Amino acid sequence: MPDAHALVNDFVIKLRKRKIEGSKATAKQTAELLRSVISQQRIPHINQSGALIDAVKGVGEQLIAANPVELAVGNIVRRVLHIIREEDLSLATAAIGGLGLDAGSDDDNDVDGDEHPVLSAAAVAAAARSALRPPSLQTLLEDLPNSAAVPHASSSGGDSDGKSKSADKTSRSWKLKHNVIEAVNELIQDISTCHEQIAEQAVEHIHQNEVILTLGNSRTVIEFLCAAKEKKRSFRVFVAEGAPRYQGHVLAKELVSRGLQTTVITDSAVFAMISRVNMVIVGAHAVMANGGVIAPVGLNMVALAAKRHAVPFVVLAGIHKLCPLYPHNPEVLLNELRSPSDLLDFGEFSDCMDFGSGAGSTLLHVVNPAFDYVPPKLVNLFITDTGGHNPSYMYRLIADYYSADDLVLQRKPASRN
Amino acid sequence: MWYRSASFILDKQQEERDAVARPESRLLSPTSPISSMAETLQNPNPNPKISAYYQTRAAHHAVVTSDWLAQAQAAVGQHPDDLPPESPSVDSGKPFSVIDEFNNWRKQPDLAEAVAAIRALASVIRSSEATTMMELEIELKKASDSLKSWDTTSISLTAGCDLFMRYVTRTSALEYEDFNSAKSRLIERAEKFGEISYKARKIIAMLSQEFIFDGCTILVHGFSRVVLEVLKTAAENRKLFRVLCTEGRPDRTGLRLSNELAKLDVPVKLLIDSAVAYSMDEVDMVFVGADGVVESGGIINMMGTYQIALVAHSMNKPVYVAAESYKFARLYPLDQKDMAPALRPIDFGVPIPSKVEVETSARDYTPPQYLTLLFTDLGVLTPSVVSDELIQLYL
């Protein structure tokens, strides 16, 4: 499949060169890429889901390695893997249910005869169900099948109904692929509409005559604020400019063009202004499993200021930003150091920064990190497309969206770092 | 103006006078509330005032004589399944006692209390003559109640019993099957549980590896088999780290742990318990085990954990707890004294005047806000997840 291969390589290069900006765009393109990978993947007769999962995992590893800081890539890969597992499971249970019904209709009068297949079907379904669930106390004592047993169970289900008709198999393999692609399409849809979903909740959070503080630029924040404005709320926005890229200027311009009362402040004025602020609303780069936030640089300071003055600190995040990893050492692992040209003009400082001529080491160094880590205790509320959540509730969403088996995916890229 | 009443002193004096007047009545009072169960009447616990759980722990983990160590080593060396667990069950005329069985299992230092409890309950099933599920359930309930009341201080014993009862009474695994196969299935699961507990430690050790980075200093309090496993795995993975061990008065469990770590060539430093705040600034993370994890997400652990967590919290150091999920208990302590006290003797080395009171409680409760993460075999959890898991199971 040269086509998918070329696409993947293309995307990897783009990621590596940091050509794609913003987690939403990355997430969407990742999902689209995976969709084409899935649609071009040839599916063997047995263990179809296994083949798909392997294919997606292989591509996913490449993508994550290309840009380990862009967590949205890994999130989408895990989401797609979860989708495949789910679809396979629902197909398997449907097939088994059909089998049970067939047996029932075949020998209606013989009750003892069809008791066994139904029993085994129920057992397989129960096993598969518990395998998809994250590990819990509830399943601790039950016969937990190993993760390797999942494809086994499903393929055995496929075999048993393949016994009756071989045509079923092809239809099933086609169906699995079809369903998965359908679900991935839905995921892409979700990602592209997440702004609207979040913005819908704006009126519940922004009240009349409030003062909102934000930092930097985020599409989600713009949509959120404008949605409140459209609902005839009048409020003021303080925009911290977000050095060194000054994305706040862009945001301020956009807000003014939509008729919002806007004040631009420097980042260093946040503490001075925070006592007049009713709520801090910001976007995020990624939300970690413990409820911590990887956010544009400067936000930790804003969060601390908000905490000091007991101002609610609200983070807007589409569900594709929800990452099932823990930030073990956020300053080191999940940050990116950008070019010093954001801070200093090369012309002015070219003498001090000349690595070539001097004794090898220069006195001037520039550190320009892209992200901050905001610990969960500084965050009051997350607003996602599914509603408002506490930081401590994040693990629950993760359990819903990702299957525990796929978290292993993280280990390889993490150790490669 | 509000003054603190001195009644607690006066009451105590009164109590002592009463006790001198009627010595036999005082002996009766602690046993009277526990009754009804046939097994509890012949309670083999020789001294109900001392926590059996902590006695065992002290025996297993405190610094001990070399011949005891050799003996223990021999016990560990044997595969747990090789050991014939047959207590006087069928052959002898003595009636089967779940507590004896439990104590039998408990003697292995590597076997967790909850596993011993579940194995003991499994042998109840094995020797049971019940013919219906309901009968078996009642019998099990009796046995687990007597186990629980035998040592109320052991949280993992209670949790293990509860978990197994929950498995027996409300599980989908038993549907559609006749009684005998259900029974054998229960026994089989209980046997496997030991393996689960062993695996749990491995899983926890694996999960925590990413949190131990090169060059970090870890403060450890008490002797926890899970924490030891974590550190052992980290050492095997060639991580470079340093461990500060608290002494762990009065049973000096920290000495034992430092012994074990020294064997692994991990740089280790011993602290007296009161030096924790002094050395906290060089610590990167605090690692503790747990006797029990309660519904609030807090932990109950060896005395001193609370103050270490407080110091760590005030100095912004993460506190990590390593605990197997069968230690999750349905308790909700509101404060330190809100638990059945687990007492143990404390040797001060010098005679203490009889009028001086000694705080002999063996454990304290650390509220969830002072804990950062819990490493369990269910994954890396925030403290608030614990209640969620428990609700899911016992609702």
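Computed from a prediction, not measured in an experiment: that's the story for all the values here. (Residues numbered from 1 in each chain as written. Chains lettered and ligands numbered in written order. Predicted model: local features only at pLDDT ≥ 70, side-chain atom pairs only at ≥ 80, totals over all residues. Heavy atoms only, no water.)

## Looking at the overall build of chain A
Each helix and strand counted, chain A has 17 helices and 10 strands in total. Within chain A, buried positions represent 50% of all 417 residues. Contacts in chain A between residues far apart in sequence, at least 24 positions, make up 81% of those at least 6 positions apart. When the accessible area of chain A is evaluated, it comes to approximately 19,400 Å², of which 53% is carbon and sulfur surface. (Helix = DSSP H or I, 4+ residues; strand = E, 2+ residues; numbered from the N terminus. Buried < 20%, exposed > 50% of the residue type's maximum accessible area, 1.4 Å probe, protein only. Contact = heavy atoms within 4.5 Å. Areas by Shrake-Rupley, 256 points an atom, 1.4 Å probe, with all protein chains shown as cover.)

## Concerning the confidence of the model for chain A
All names here are of chain A. In the predicted model, chain A carries a mean pLDDT of 79, and 75% of its residues have values of at least 70. Within chain A, the lowest mean pLDDT, 39, falls on helix α7 (residues 149-162), and the highest, 96, falls on strand β7 (residues 313-316). Within the model, pLDDT remains below 50 along residues 144-165, and this stretch shows 20 contacts once partners closer than five positions in the same chain are excluded. Contacts from residues 410-417, a stretch scored under 50 in pLDDT, to residues over four places away or in other chains number 12 contacts. (pLDDT = per-residue confidence, 0-100.)

## Things to note about empty space enclosed by the protein
Residues and elements named next belong to chain B. In total, this model carries five cavities of 30 Å³ or more according to the counting rule given. Volume-wise, the largest cavity comes out at about 330 Å³. Considering the residues around the largest cavity, the lining is formed by 30 residues, among which Tyr53, Arg57, Phe223, Arg225 and Asp291 are closest to the centre. Considering every element that reaches the lining of the largest cavity, the biggest residue donor is helix α4 (residues 52-61), with seven residues. (1 Å grid on protein atoms, 1.4 Å probe; cavity = no way out; pocket = protein on both sides within 12 Å on 5 of 7 lines; lining within 4 Å. Points joined across faces, edges and corners; volume = space filled by probe spheres on them.)

## Considerations on the packing of aromatic side chains
Residues and elements named next belong to chain B. Inspection of every chain in the model, using the stated rule, returns eight aromatic pairs over all chains. Between Phe211 and Phe375, the aromatic rings sit 4.9 Å apart at their centres with planes inclined by 50°, giving tilted as the arrangement. Within this pair, whereas Phe211 is found in the loop between α10 (179-208) and β1 (216-221), its partner Phe375 is found in strand β9 (residues 373-376), the two being separated by 164 residues in sequence. The pair Phe211 / Phe375 is uniform in exposure class, with both members buried. On the numbers, 6.2 Å between centres and 55° between planes, the contact of Tyr306 with Tyr370 is tilted. You can see Tyr306 sitting in helix α14 (residues 305-314) and its partner Tyr370 sitting in the loop between β8 (363-366) and β9, a full 64 residues away along the chain. Classification of Tyr306 as partly exposed rests on a relative accessible area of 24%. (Phe/Tyr/Trp six-rings, centres within 6.5 Å; stacked < 30°, edge-to-face > 60°.)

## Quick notes on the pairing of strand β6 (residues 299-302) of chain B
Residues and elements named next belong to chain B. In this sheet, β6 lies alongside strand β5 (residues 292-293) in antiparallel orientation, the contact comprising two bridges. Residue pairing in the sheet places Val293 in a bridge with Ile299 of β6. Hairpin connection between β5 and β6: a loop of five residues separates the two successive antiparallel strands, and Gly297 in this loop has a positive phi of roughly 100°. Relative to β8, β6 runs antiparallel, the two being bridged by four bridges. Bridge assignment links Met302 to a residue of β8, and that residue is Arg363. (Pairing = 2+ DSSP bridges.)

## Observations concerning the environment of Phe179(B)
Residues and elements named next belong to chain B. Assignment of secondary structure puts Phe179 in helix α10. Assessed through its relative accessible area of 17%, Phe179 is described here as buried. Separated by 47 residues in sequence, Phe179 and Thr132 place their C-alpha atoms 6.5 Å apart.

## Observations regarding unusual backbone geometry
For the bond running from Ala243(A) to Pro244(A), omega is 0°, close enough to zero to count as cis. Residue placement: Pro244(A) occurs in the loop between β2 (236-240) and α11 (247-257). Looking along the chain, the bond that leaves Arg249(B) and enters Pro250(B) is cis, with omega of -5°. Tracing the backbone through its elements, the reader meets Pro250(B) in the loop between β2 (241-246) and α12 (253-263). Of note, the phi angle at Asn209(A) is positive, near 60°, even though the residue is not glycine.

## Overview of the sheet that holds β9(B)
Residues and elements named next belong to chain B. Strands sit in the order β3-β2-β1-β4-β7-β9-β10 across an open sheet of seven strands; the sheet is mixed. The open sheet is flanked by β3 (268-271) and β10 (379-381), the only strands paired with a single partner. Sheet twist, expressed as the mean angle between neighbouring strand axes with direction ignored, is 25°. Note that β1 and β2 share five bridges and pair parallel. Within β2, the residue paired with Cys216 across the bridge is Phe241. (Axes fitted to C-alpha atoms, helices over the stretch in contact; angles between N-to-C directions.)

## Examining the nonpolar core
Leu213(A), Val280(A), Phe313(A), Leu322(A), Ile218(B), Phe241(B) and Phe287(B) are the most contacted members of the largest nonpolar core, which has 67 residues in total. With six residues, helix α11 (residues 225-236) of chain B is the largest single contributor of residues to this core. Setting aside anything within four residues of it in sequence, one finds Ile218(B) in contact with Ile212(B), Leu231(B), Phe241(B), Arg242(B), Val243(B), Leu244(B), Met285(B) and Phe287(B). Listed in part, the 66 residues of the second largest apolar core include Leu163(B), Ala312(B), Leu378(B) and Tyr394(B). (Core = buried A, V, L, I, M, F, W, Y, C linked by side-chain atoms within 4.5 Å.)

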